[in-house]
Amino acid sequence: MLDLRKAIHTYDITTTKQLGKTFGCRAFGKHELVSSDFDIVRQVLMKDFVCFANRTNFIAPNPKNEHNVMQNLLILKEEENWKRIRSLISPAFSITNVKKQIPIYNECSKEFLQLLDCYASQNEKILLHDVLSRLTLSIGAKCAFGIDINILSKDSSSPFLESAQSIFNRFDFDSPRLVIMAVFPGLIAWLENITHYQFLANSELEFFKKVVLEELERRSIESDSKQDYGDFFQVLFNALQSTSMDGTKSLSLIEMIAQSFIYLITSFGNISFTAHLVLFILSKEIEIQEKVRREIFDVIGDKDEVSYEDLIKLQYTNQVIQETMRMYPLTARVVRDCTRTTTIKGIEIEKGVMFSVPVYAIHMEEEYYPNPTVFDPNRFSPEEVAKRDPLTFLPFGYGPRNCIAYRYVEMVIRMAIVYSIRHFKFSSPSNTPVRDHP
Ligand code: HEM
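The rules behind these values
Residues numbered from 1 in each chain as written. Predicted model: local features only at pLDDT ≥ 70, side-chain atom pairs only at ≥ 80, totals over all residues. Helix = DSSP H or I, 4+ residues; strand = E, 2+ residues; numbered from the N terminus. Expected span 1.5 Å × (residues − 1). Buried ≥ 20, exposed ≤ 12 C-beta atoms within 10 Å, placed from the backbone. Near = placed C-beta within 6 Å. Nonpolar A, V, L, I, M, F, W, Y, C, P; charged D, E, K, R; others polar. Core = buried A, V, L, I, M, F, W, Y, C linked by C-beta atoms within 7 Å. Contact = placed C-beta atoms within 7 Å. UniProt positions renumbered as here; feature names shortened; annotations may be inferred.

In the nomenclature of an unreviewed UniProt entry, the protein is known as Cytochrome P450 of Acrobeloides nanus.

Q: Tell me about helix H17 (residues 406-423), residues and numbers included.
A: Under the 1.5 Å per step criterion, the end-to-end length of H17 is 26 Å for 18 residues, consistent within 8% with the ideal 26 Å. Of all 18 residues in H17, 14 are buried; the element is thus mostly enclosed.

Q: I'd like a description of the site of the ligand, backed by residues and values.
A: Lining the immediate environment of the ligand, one finds 23 residues, of which Thr266, Asn270, Gly397, Cys403 and Ala405 sit closest. Here the shell around the ligand gets 7 residues from one element, more than from any other, and that element is helix H11 (residues 253-284). Counted by class, the shell around the ligand contains 14 nonpolar, 7 polar and 2 charged residues.

Q: So what's going on with the nonpolar core? Residues and values would help.
A: The biggest cluster of nonpolar side chains holds 75 residues, and the ones touching the most others in it are Leu264, Val278, Val412, Ile413, Met415 and Ala416. The element that contributes the greatest number of residues to this core is H11, accounting for 15 residues. Ignoring sequence-local partners within four residues, the contact set of Val278 consists of Val320, Ile321, Thr324, Ile413 and Ile417.

Q: An account of the UniProt feature "binding site: heme" (unreviewed entry) in the protein is requested, with residue identities and associated values reported.
A: Using the residue numbers shown here, the UniProt feature "binding site: heme" (unreviewed entry) corresponds to Cys403. By secondary structure assignment, the location of Cys403 is in the loop between helix H16 (382-387) and H17. Setting aside chain neighbours within four positions, we find Cys403 in contact with Phe396 and Gly397.

If you want it as structure tokens, here you go:
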């Protein structure tokens, strides 16, 4: 993964320096236009969205395999199907819903603290990434399904955790399977057709399918009581039971399974990865850590329950999270597929061209962030942010196809940082290896 990602990072930075903000190339057998010119980027991601509504799909949809979970993820859905599912599930990620979930974040974070305490009292080393992913998966399972998976005590496990760990390992860019799928999507579709072997189907996906089906059965039995569980599953369950104007189901069963799956997997992997990075950086930047701690005590003190309003007031803590996401965005690029030939700023972009926004290269651009490899949360003070174009910061993408869950993600990370920093001081041994930026 690192080599591949590092290559993209380095490629975008060096090629932008050589050729300018907009250049063409060939990637994965497609013509590609890469641009960090904000007039063009804004047009593609927002104003001309109708010509760029799809994400370039390296995992080619296989029409014979429409019951495959992976093919039904919102991330890969196209045009009308994307619009339908996005509008059905958006309410689950609204501010109102995130506010309702705050007691869950508190409850799981308290168990997380007890787990950290348990390690600390026995003077044992903590694998921070492991405990954080247990926290974010617990929050994800409770918010998605309303279930408690009990993985926040020492040496505890659950099929949820094992399956999530195993699936996430599969998505490592080191996996030859994923690299082949990215580079030769047509080949994979062809092989699936003739061999009936599903390249992304596996026992872990089957486990998540089973969880959804069991929960569906349980709620169907109880549906007479019209109980509203108020979780993500409820939103999907309601959509599954409703029909569109043309009489078809608003959401199919496989689409329901796919959206539940992505909720759990990204809660487990993406959120814990970023929270881990924040804490790791704070363990190196002791003064910044102290400043965060002071702010948390000033705003929240030792209150037992942290509220949504408390989290919103943590201005400096949020700046630290944003600076972490600037330096280490989860995705190096945001990608769209041109579905209608169009001309932007005098450049004709043909149907079928892949359009890429080099997020990492933008985040590392001296023009917007002087000394970009230096960690400086002050770059995200309200005054500094007001001076920059919003397109200079794209950890969650931009426009109608941005990350649907960004509010949920931001609040879960803030909560994890509050509980961790309020109770523990973080330091890392001087010999901890740190990888340089390219
Ligand atoms: C640190 C955590 C996360 C980061 C940094 C992140 C980032 C992103 C980015 C960069 C995109 C592409 C945006 C674009 O193309 O403009 C995206 C899309 C998406 N994310 Fe996230 N994400 C995170 C966590 C999550 C979580 C927890 C969920 C679900 C609960 C989620 C659900 C989605 C979905 C469904 C899409 C596709 C949206 C669409 O195509 O309409 N993400 N995310």
